[in-house]
Amino acid sequence: MINRLAISPAKVEVAVAPGGEVTMSIFLLNPGTEAVTVRVSAEDFVGGTSAAADGEVIKFLATGDSPYSLKNYLSFSKREIDLAPGEQATVPVTVSLPA
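In this report, we go over the structure that sits alongside the text. (Residues numbered from 1 in each chain as written. Predicted model: local features only at pLDDT ≥ 70, side-chain atom pairs only at ≥ 80, totals over all residues. Heavy atoms only, no water.)

The subject of this paragraph is the overall build of the chain. Summing up its helical and strand segments, the chain has zero helices and eight strands in all. Reading the helices (α) and strands (β) of the chain from amino to carboxyl end gives β-β-β-β-β-β-β-β. Counting every position in the chain, which comprises 99 residues, the buried fraction comes to 22%. Put simply, of all contacts in the chain between residues at least 6 apart along the chain, 63% involve residues at least 24 apart. Here the chain displays about 7000 Å² of accessible surface, and carbon together with sulfur accounts for 55% of that area. (Helix = DSSP H or I, 4+ residues; strand = E, 2+ residues; numbered from the N terminus. Buried < 20%, exposed > 50% of the residue type's maximum accessible area, 1.4 Å probe, protein only. Contact = heavy atoms within 4.5 Å. Areas by Shrake-Rupley, 256 points an atom, 1.4 Å probe, with all protein chains shown as cover.)

Attention shifts here to the nonpolar core. Core analysis: the biggest nonpolar cluster contains 15 residues, and L28, V38, V40, F76, I81, L83 and V91 have the highest contact counts within it. The set of elements that each furnish at least two residues to this core consists of β2 (21-29), β3 (36-39), β7 (80-83) and β8 (88-96). The residues contacting I81, other than those within four sequence positions of it, are L28, V36, T37, V38, V40, A89 and V91. (Core = buried A, V, L, I, M, F, W, Y, C linked by side-chain atoms within 4.5 Å.)

Let us now look at the sheet that holds strand β6 (residues 74-76). The sheet built from four strands is open, its strands ordered β1-β2-β8-β6 with antiparallel pairing. At either end of the open sheet lies a strand with only one pairing partner, and these are β1 (6-8) and β6. Neighbour to neighbour, the strand axes of the sheet diverge by 25° on average, direction disregarded. Where β1 and β2 come together, three bridges link them in antiparallel fashion. Bridge pairing in β2 places I7 opposite L28. (Pairing = 2+ DSSP bridges. Axes fitted to C-alpha atoms, helices over the stretch in contact; angles between N-to-C directions.)

The structure is reproduced here in structure tokens:
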């Protein structure tokens with residue numbers, strides 16, 4: 001059985017001033033027929049192409065490999081969420097930038 005997870009929005013753009021903080025929401029949906037446990041985290045990545053030599057469309061980066069990383073400035077109010085079949089959840093995500 002393949003478990004699926006719907007995540008929205010696919011992309012979020014926010015403006016945060018130095019020293020500022022913004023909270024937004026990510027929405028999860030379990031469209032499958034089995035319960036799933038979702039572990040929430042942030043990872044740096046770059047987009048690739050399906051023609052890339054390694055075949056990766058998204059390539060995850062090691063911590064510190066991206067000069068544009070926001071990973072250390074994101075916090076999640078929930079780190080693990082259990083979703084029954086058809087269940088939805090909202091995950092607040094806060095971006096806090098240093099002054």
